[in-house]
Amino acid sequence: MAVSSSFSPFPSLLYPSSTHSPLSLPLKFLPSSKPHLLRSRIKALQRWREYEDAVRDKDLARALRFLQSTQSSSEMNLNSGFSTWDWDRTERDWEILDTCLNADDMRLVGSAYGFLQDRGFLSNFGKFRDIVIEGPREVTPKVLKEYTGLEAIKLAPKKWGMSGASQLALIAFLGGASFLVSQGIEIRPNLAAILALATADAIFLGGTCLAQISCFWPPYKRRILIHEAGHLLTAYLMGCPIRGVILDPFVALQMGIQGQAGTQFWDENMESELAEGRLSSTAFDRYCMVLFAGIAAEALVYGEAEGGENDENLFRSLCVLLRPPLSVPEMANRARWSVMQSYNLLKWHKRAHTAAVKALGAGHSLSVVIRRIEESLSSGV
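On a predicted model such as this, the values are computed, not experimentally measured, just so you know. (Residues numbered from 1 in each chain as written. Predicted model: local features only at pLDDT ≥ 70, side-chain atom pairs only at ≥ 80, totals over all residues. Heavy atoms only, no water.)

Peer 1: Residue-level account of the overall build of the chain, with values.
Peer 2: For the chain, the helix and strand inventory stands at 17 helices and 2 strands. Expressed as a percentage of the 381 residues in the chain, the buried residues total 48%. Entry remark: accessible area of the chain is about 18,600 Å², with carbon and sulfur atoms responsible for 57%. (Helix = DSSP H or I, 4+ residues; strand = E, 2+ residues; numbered from the N terminus. Buried < 20%, exposed > 50% of the residue type's maximum accessible area, 1.4 Å probe, protein only. Areas by Shrake-Rupley, 256 points an atom, 1.4 Å probe, with all protein chains shown as cover.)

And the structure:
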């Protein structure tokens, strides 16, 4: 089974009451020497409930509007002489990212990242926006091996049951079925039913049911995490706002994502260019690098990729829409170039990729995952 992702180039989190509730801090810690300042701060804390409600409701527009209003409002300035509030404000600003997943307007998602960047939180966002990366544009299989150490076949998605863990699972299933038959146990009706259900799942649900069952198998789940973390980190370094990472196959199905998992990102420049009926090489390069980053991440960690079939299909569908469309040899060269660049980019930032994998695996929200990436990149460890 291929681990796959869906991308869009266009387009309940509660604070623990013991730490983030606006009125949870005892009033004795508030300065009492200035009653008017005390009243102003209490009023400001009460207004923060609006932001908490917006985060809880995943309402990006309302949450962003509130945070932007606090930038110029003296009423919301809680930092003067009181560092505890400065820390609390920082924690809350980060969580604007957790409201992005339900946003229909990707420009709002971009505005959320822009707001945090203006606040000095996303120092590495868009670090490689201009894609100034070493390496030739003509990438033959020989060149690909020279730069990555891997044969081209190792960087190609595999059909389920043809390699790796999925092959072992298929062998185990067929071996078990053969053993039961050899023992005189009639299982053909059950096998027929299983195959019928699997076929229906593949045709009508895109393999969602089988993917959901497979997610209970730790090696498969970890490969998905590594794959999606590759997309996420590359998009982040390329300056493409990430709407969210979907790891649950049924949630992905409900959101219309092609495949069993997905990382949704947005490229404003690419959207603007497509609206004008053109597409620059830089924008296309950036998109392709993010698209092939999941395959590159798997190859970096495991020495070969299994997932990414849907990523390749998305790439081909875009290539034929170009004017003029890319030929088959041109598509192959572009794919090799993209996966080579993504592979090396992730290799240079391997610790950040590992941090993202751990954060996603622990079930953290997008804001925490991005913070772990920033902390890793900033510390260099």
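Peer 1: Residues and numbers for the side chain of His353, please.
Peer 2: With respect to the element layout, His353 can be found in helix 16 (residues 350–361). Overall, the relative accessible area of 3% leaves His353 in the buried class. Contacts of His353, omitting those with residues within four sequence positions, involve Ile226, Ala229, Gly230, Leu233, Ala297, Val301 and Leu346. (Contact = heavy atoms within 4.5 Å.)

Peer 1: Explain the packing of aromatic side chains to me, using residue names and the numbers behind them.
Peer 2: Scanning the entire structure with this criterion turns up 6 aromatic pairs. Ring geometry for Phe128 and Trp348: centres 6.4 Å apart, planes at 35°, overall tilted. In this pair, Phe128 sits in the loop between helix 4 (106–118) and helix 5 (141–148) while Trp348 sits in helix 15 (residues 328–348), placing the two residues 220 residues apart along the sequence. Following the ring pairs from residue to residue traces out a cluster consisting of Tyr113, Phe125 and Tyr236. For Arg129, the ring lying beneath its charged end belongs to Phe125, and the centroid distance is 5.9 Å. Its end group placed over the ring of Tyr302, Arg223 keeps NZ or CZ at 3.9 Å from the ring centre. (Phe/Tyr/Trp six-rings, centres within 6.5 Å; stacked < 30°, edge-to-face > 60°. Lys NZ or Arg CZ within 6 Å of the ring centre and 35° of its normal.)

Peer 1: Could you give an account of the packing of helix 5 against helix 15, with specific residues and numbers?
Peer 2: Relative to each other, helix 5 and helix 15 sit at 5°, their axes nearing to 10 Å. As summarised for this structure, helix 5 and helix 15 are arranged roughly parallel, according to the angle between their axes. Within the contact between the two elements, helix 5 uses Pro141, Val143, Leu144, Tyr147 and Thr148 and helix 15 uses Arg336, Val339, Met340, Tyr343 and Asn344. In terms of residue class, the contact of helix 5 with helix 15 is made up of 7 nonpolar, 2 polar and 1 charged. (Axes fitted to C-alpha atoms, helices over the stretch in contact; angles between N-to-C directions. Parallel < 35°, antiparallel > 145°, perpendicular 65-115°, else oblique. Nonpolar A, V, L, I, M, F, W, Y, C, P; charged D, E, K, R; others polar.)

Peer 1: I'd like to hear about the environment of Arg323, residue by residue, with values.
Peer 2: Note that Arg323 resides in the loop between helix 14 (309–319) and helix 15. Separated by 45 residues in sequence, Arg323 and Arg278 have C-alpha atoms that sit 8.3 Å apart. There is a polar contact of 3.3 Å between the side chain of Arg323 and the backbone oxygen of Val320. One polar contact links the side chain of Arg323 to the main-chain carbonyl oxygen of Leu321, over a distance of 3.3 Å. (Polar contact = N/O pair within 3.5 Å; in protein donor to acceptor, adjacent residues only side chain to side chain.)

Peer 1: How would you explain the nonpolar core if you had to name every residue and give the values?
Peer 2: In this structure, Ile96, Tyr113, Leu122, Phe315 and Ile373 are the most contacted members of the largest nonpolar core, which totals 82 residues. By residue number, the principal contributor to this core is helix 9 (residues 218–238), which donates 9 residues. If sequence neighbours within four positions are ignored, Tyr113 has contacts with Leu97, Leu122, Phe125, Tyr236, Pro241, Ile242 and Leu366. (Core = buried A, V, L, I, M, F, W, Y, C linked by side-chain atoms within 4.5 Å.)

Peer 1: Go over the pattern of salt bridges with me, naming the residues and quoting the values.
Peer 2: The tally for this structure, following the rule as stated, stands at 14 salt bridges. The salt bridge partner of Glu268 is Arg107, with a shortest N-O separation of 3.5 Å. Residue Glu268 is located in helix 11 (residues 268–275), and its partner Arg107 is located in helix 4; the two are separated by 161 residues in the primary sequence. By relative accessible area, Glu268 is classed as partly exposed at 41%. (Salt bridge = Lys/Arg side-chain N within 4 Å of Asp/Glu carboxyl O.)

Peer 1: Tell me about helix 2 (residues 60–70), and name the residues and values.
Peer 2: Every buried residue of helix 2 is listed here: Leu60, Ala63, Leu64, Phe66, Leu67 and Thr70. Angular distribution of buried residues about the axis of helix 2 spans 160°; they occupy a single face of the element. (Arc of directions from axis to C-beta.)

Peer 1: Please provide a residue-by-residue account of the state of the cysteines, values included.
Peer 2: On inspection of all chains with the given rule, the structure shows 0 disulfides. No disulfide involves Cys319; its sulfur sits 6.0 Å from that of Cys288, the nearest cysteine. (Disulfide = S-S within 2.5 Å.)

Peer 1: Any details on unusual backbone geometry? Residues and values, ideally.
Peer 2: Note that the residue after Arg323, namely Pro324, is joined by a cis bond; omega there is 0°. Along the polypeptide, Pro324 turns up in the loop between helix 14 and helix 15.

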